[in-house]
Amino acid sequence: MTIIDALKSIIKDEAIIADGNMHSHACIEEKDVSAKLKKLTISDLGQGHLVIGLDGGRIMICDRKEFALMSPIFRITKDCDHNRACDALLIKEKPGGRCEIAYIDLKSDSPTGYSGQFKSSKCFINYIESLIKTFCDIDIKIEREKYVLFHTDSTNSTPSIGKKTTRPTPNDKNSATSPMKFIVKNNMTISQMKFL
């Protein structure tokens, strides 16, 4: 069993945006009607890629009301960001039980409030990693994690996704509080190779 197979066996179908074995693109959509960045397509997916819609996948309905919870046993409170999530996770499986993960969030204009979303999503991955090890007997080695923030710009400036840095950024410079930031326009298509 591969890491992707194990993930697909425990993640509900409606939370899986795209399986690279069947799709070359993943459409990430923001449900907030006031959002300026409503849709972003990630391209160049291939075998071993899985995109999970973490934000939308955590919606629970109770007494005809919608709640966004990471677990139904968690308390709803503003004192902790444990129920928050980034919009999507891109998981890339590599040989030998290794993988890379991109935590992806879409924001409009001047992005704020993403740190708690990324941190809670990282905790979710830690939990998934433990589940797969315990119940599927697969040891996962996460080689690289990228926190990626795509956002619009109020000045309608040129997208920054095509720009290249002269030196690669060390992994420790990319974190939940200091993600890679890319200015994009609504409905753009971005290759996963640009950030993972």
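Quick caveat, the model's predicted, so the values are computed rather than measured. (Residues numbered from 1 in each chain as written. Predicted model: local features only at pLDDT ≥ 70, side-chain atom pairs only at ≥ 80, totals over all residues. Heavy atoms only, no water.)

Peer 1: Looking at this structure, how should I read the side chain of K107?
Peer 2: Residue position: K107 is located in strand β8 (residues 98-107). Reaching out from K107, the side chain makes a polar contact with the side chain of Q117 at a distance of 2.8 Å. Dropping the residues within four chain positions of it, K107 is found in contact with L37, T112, G113, Y114, Q117, L149, F150, H151 and T152. (Helix = DSSP H or I, 4+ residues; strand = E, 2+ residues; numbered from the N terminus. Polar contact = N/O pair within 3.5 Å; in protein donor to acceptor, adjacent residues only side chain to side chain. Contact = heavy atoms within 4.5 Å.)

Peer 1: Can you walk me through the packing of helix α1 (residues 3-10) against helix α3 (residues 114-136) in this structure?
Peer 2: Helix-helix packing is described using two parameters, namely the angle between the two axes and the distance between the axes. Between α1 and α3, the shortest axis-to-axis distance is 11 Å and the interhelical angle comes to 100°. With respect to each other, α1 and α3 are oriented roughly perpendicular. For the pair formed by α1 and α3, the contact residues are A6, L7 and I10 on the first element and I128, L131, I132 and C136 on the second. Within the contact of α1 with α3, the residues separate by chemical class into seven nonpolar, no polar and no charged. (Axes fitted to C-alpha atoms, helices over the stretch in contact; angles between N-to-C directions. Parallel < 35°, antiparallel > 145°, perpendicular 65-115°, else oblique. Nonpolar A, V, L, I, M, F, W, Y, C, P; charged D, E, K, R; others polar.)

Peer 1: What exactly am I supposed to notice about the pattern of salt bridges here?
Peer 2: Should the charged atoms of two oppositely charged side chains come close, the side chains can pair. Evaluated as defined, the whole model comprises nine salt bridges. Salt-bridge contacts for K8 lead to D19; the nearest nitrogen and oxygen are separated by 2.6 Å. In this pair, K8 is assigned in helix α1 and D19 in strand β1 (residues 16-19), connecting sequence segments eleven residues apart. A residue is classified by how much of its surface remains accessible, and K8, at 31% relative accessible area, is partly exposed. Salt bridges here are not isolated pairs; linked through shared partners, they connect K94, R98, E100, E143 and R144. (Salt bridge = Lys/Arg side-chain N within 4 Å of Asp/Glu carboxyl O. Buried < 20%, exposed > 50% of the residue type's maximum accessible area, 1.4 Å probe, protein only.)

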